[in-house]
Every structure is written in structure tokens, then in C-alpha cells.
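# Structure assessment
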Amino acid sequence: MASESSTTTDHDEIRRWVEEHDGRPASVRGTEESGEAGVLRIDFPGGAGEDQLEHISWDDWFAKFEDEKLAFLYQQKKADGSDSTFFKLVSR
């Protein structure tokens, strides 16, 4: 069985997938500039955590997402059929 992945720019789809996996919008600490979010990440339980990531609002996360013209590539299922939290931010 092959893994299943999708790429989207739809804010509702991204937010729904992230929240279904208990993730929160975040940016890498120390990368913010002029009050704008820094390098975007999603903080999942057991991930890098708040020592490296700063939780930000969805509004701030999506503002940076649009400014950088990004798309959200995410894996729906692993090859074995189990759930996945793999994602990658890619250029449009």
C-alpha cells in the first residue's frame, strides 16, 4: 500500500488537519522580524516543544503563509495505513 499525501493552500483544510492531530501553529523562536512570525512550524505533542517554538495565532501563521506564497503538503496515511503527522511547507 502506498502512502497518501495531499498539497493544499486552503486555510480551513490545513487548520482542520493540524487540529485533528493535536497540533498548534508556531514559529521558530528567534526568527521573527518586525513583529511578524518567523519560520513557520506546527507544534505536535512530543515535538520540539516551547523551548524552540513559540505558539502563534492562526491569523499570524496564515499571514506569513500567504506572504511567503507557501503550500501545505501533508501525509494523510503512512504506507502501512496508519495515521501520520508528516507535513512540509513548500513553495507554490
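Structure: see above.
Structure report, in brief. One numbering rule holds for all chains: residues counted from 1, following each sequence as written. Two thresholds apply to this predicted model, a pLDDT of at least 70 for residue-level local features and 80 or more for giving and counting side-chain atom pairs, whereas whole-chain, interface and lining totals are computed over all residues. To get the side-chain values, take all heavy atoms of the structure and skip hydrogens and water.

The term salt bridge refers to a pairing of a side-chain nitrogen on Lys or Arg with a carboxyl oxygen on Asp or Glu at a separation within 4 Å. In the structure shown here, the tally under the stated rule is four salt bridges. Residues Glu66 and Arg92 are paired through a salt bridge, measuring 2.8 Å at the closest nitrogen-oxygen approach. Taken together, the residues span a long stretch of sequence, with Glu66 in helix 2 (residues 58–67) and Arg92 in the segment after strand 6 (87–91) at a distance of 26 residues. The cut-offs for exposure are 20% and 50% of the maximum accessible area for each residue type, with area from a 1.4 Å probe on protein chains only; residues under the lower value are buried, those over the upper are exposed, and the others partly exposed. Accessibility expressed as a relative area gives 32% for Glu66, which makes it partly exposed. Helix and strand labels come from DSSP, where a helix needs a run of H or I of at least four residues and a strand needs a run of E of at least two; each type is numbered from the N terminus.

Let us look at the sheet that holds strand 4 (residues 53–55). A pair of strands is treated as paired once DSSP finds two or more bridges between them. What the three strands build is an open sheet, ordered 3-2-4; its pairing is antiparallel. Of all strands in the sheet, those with a lone pairing partner are strand 3 (40–43) and strand 4, marking the two edges. Between one strand and the next, the sheet's axes are offset by a mean angle of 45°, whatever the strand orientation. The sheet contacts of helix 2 involve strand 2 (24–28) and strand 3, and relative to strand 3 the element is tilted by about 140°. For every element, the axis is a line fit to its C-alpha atoms; helices are fit only across the contacting stretch, and the angle between N-to-C directions ranges from 0 to 180 degrees. It only takes one pair of heavy atoms within 4.5 Å for two residues to be counted as in contact.

Below, the discussion takes up the packing of aromatic side chains. Only Phe, Tyr and Trp rings are paired, with Trp represented by its six-membered ring, and only when their centres lie within 6.5 Å; those with planes under 30 degrees apart are stacked, over 60 edge-to-face, the remainder tilted. Under the criterion given, the structure shown has twelve aromatic pairs. Plain terms: the ring middles of Trp58 and Trp61 are 5.7 Å apart, the flat faces sit at 75° to each other, and that makes the pair edge-to-face. Remark: Trp61 and Trp58 occur in helix 2; sequence separation between them is three residues, near one turn of the helix. Ring-pair connections join several aromatic residues into one group, and the members of that group are Trp17, Phe44, Trp58, Trp61, Phe62, Phe65, Phe72, Tyr74 and Phe87.

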